[in-house]
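What follows is the residue order along each chain.
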Amino acid sequence: QVQLVESGGGLVQAGGSLRPSCAASGSISSINAMGWYRQVTGKQRELVAIVNNDGSTNYADSVKGRFTISRDNAKRTVYLQMNSLTREDTAVYYCYANIDARYYFDTDFWGKGTLVTVSS
């Protein structure tokens, strides 16, 4: 019953900003890490940003200085503040979480994906 629900994708002009969010729900014992990946048609899914339970973060080189990931543990929600967007940021963005739950341990879950389109 664990699921990740994404919101906040959409269309934005180059130079603009978006702040998609993702909330985890279900019989969850703990969330070890939450983050975002993205995928362009014809390419492999790649890491965008991730925040671990200890607060440490990892970012793709292409988004460092422009994107900021944050996490609200009480709401089981992760946010991705995306600034100075370019057309190369256009992709389907997928929420990711590593979760301990009733029937799962150290298990990866994925959201359905939300499309971010940057125009110029």
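Coordinates for the structure precede this section.
Here is what the cut-offs are and how they apply
- Residues numbered from 1 in each chain as written.
- Predicted model: local features only at pLDDT ≥ 70, side-chain atom pairs only at ≥ 80, totals over all residues.
- Heavy atoms only, no water.
- Salt bridge = Lys/Arg side-chain N within 4 Å of Asp/Glu carboxyl O.
- Buried < 20%, exposed > 50% of the residue type's maximum accessible area, 1.4 Å probe, protein only.
- Phe/Tyr/Trp six-rings, centres within 6.5 Å; stacked < 30°, edge-to-face > 60°.
- Lys NZ or Arg CZ within 6 Å of the ring centre and 35° of its normal.
- Helix = DSSP H or I, 4+ residues; strand = E, 2+ residues; numbered from the N terminus.
- Lys, Arg positive; Asp, Glu negative; His and termini not counted.
- Polar contact = N/O pair within 3.5 Å; in protein donor to acceptor, adjacent residues only side chain to side chain.
- Contact = heavy atoms within 4.5 Å.
- Core = buried A, V, L, I, M, F, W, Y, C linked by side-chain atoms within 4.5 Å.
- Pairing = 2+ DSSP bridges.
- Disulfide = S-S within 2.5 Å.

## Points about the pattern of salt bridges
Line of reasoning, step 1. A complete count under the given rule lists 4 salt bridges for this structure.
Line of reasoning, step 2. A salt bridge links R38 to E46, with the shortest nitrogen-to-oxygen separation between them at 3.0 Å.
Line of reasoning, step 3. R38 sits in the buried class, given a relative accessible area of 6%.

## Regarding the packing of aromatic side chains
Two descriptors summarise a pair of aromatic rings, namely the distance from one centre to the other and the angle between the planes of the rings.
Line of reasoning, step 1. Enumeration over the complete set of coordinates arrives at 4 aromatic pairs.
Line of reasoning, step 2. One aromatic cluster is present, formed by Y37, Y96 and W110 through successive ring pairs.
Line of reasoning, step 3. Above the plane of the ring of Y94 lies R45, whose end atom (NZ or CZ) is 3.7 Å from the centre.
Line of reasoning, step 4. Across the ring face of W110, the terminal group of R45 is positioned such that the distance to the ring centre comes to 4.7 Å.

## Concerning the side chain of D100
Line of reasoning, step 1. Within the secondary structure, D100 sits in strand β9 (residues 91-101).
Line of reasoning, step 2. The side chain of D100 sits in the buried core without any salt bridge; R71 is the nearest counter-charge, 9.7 Å away.
Line of reasoning, step 3. For D100, the side chain forms a polar contact with the main-chain nitrogen of D106, separated by 2.7 Å.
Line of reasoning, step 4. Residue contacts for D100: discarding those within four places in its chain leaves I28, S29, S30, N32, F105 and D106.

## As for the nonpolar core
Line of reasoning, step 1. One finds W36, L80, Y93 and I99 to be the most contacted residues of the largest nonpolar core, which totals 30 residues.
Line of reasoning, step 2. For this core, the elements supplying multiple residues, two or more each, are β3 (21-25), β4 (28-39), β5 (46-52), β7 (67-72), β8 (77-82), β9 and β11 (114-119).
Line of reasoning, step 3. It is β9 that provides the largest number of residues to this core, a total of 6 residues.

## Structural notes on the pairing of β5
The two faces of the sheet receive side chains in turn, since in a regular strand these alternate between them.
Line of reasoning, step 1. The pairing of β4 with β5 spans 6 bridges and is antiparallel. Paired with M34 across the bridge in β5 is V51.
Line of reasoning, step 2. The antiparallel hairpin formed by β4 and β5 contains 6 residues in its connecting segment, where G42 sits at a positive phi of about 90 degrees.
Line of reasoning, step 3. Relative to strand β6 (residues 57-59), β5 is paired through 3 bridges, and the arrangement is antiparallel. Among the inter-strand pairings, I50 is bridged to a residue of β6, identified as N58.

## Some points on the state of the cysteines
Line of reasoning, step 1. For the structure on display, the rule yields 1 disulfide.
Line of reasoning, step 2. For C22, the disulfide goes to C95, at an S-S distance of 2.1 Å. Across the disulfide from C22 to C95, rotation about the S-S bond amounts to roughly -85 degrees, and the bridge is consequently left-handed. Of this pair, C22 sits in strand β3 while C95 sits in strand β9, and the two are 73 residues apart along the sequence. Of the two residues, C22 and C95, neither departs from the other in class, the shared state being buried.

## Focus on unusual backbone geometry
Line of reasoning, step 1. Positioned with a positive phi, S84 is a non-glycine residue whose angle comes to about 50 degrees.
Line of reasoning, step 2. For S84, a relative accessible area of 40% gives the class partly exposed.
Line of reasoning, step 3. Phi angles above zero are rare outside glycine, and D106 is one such case at about 50 degrees.
Line of reasoning, step 4. Locating D106 in the fold gives a position in strand β10 (residues 104-110).

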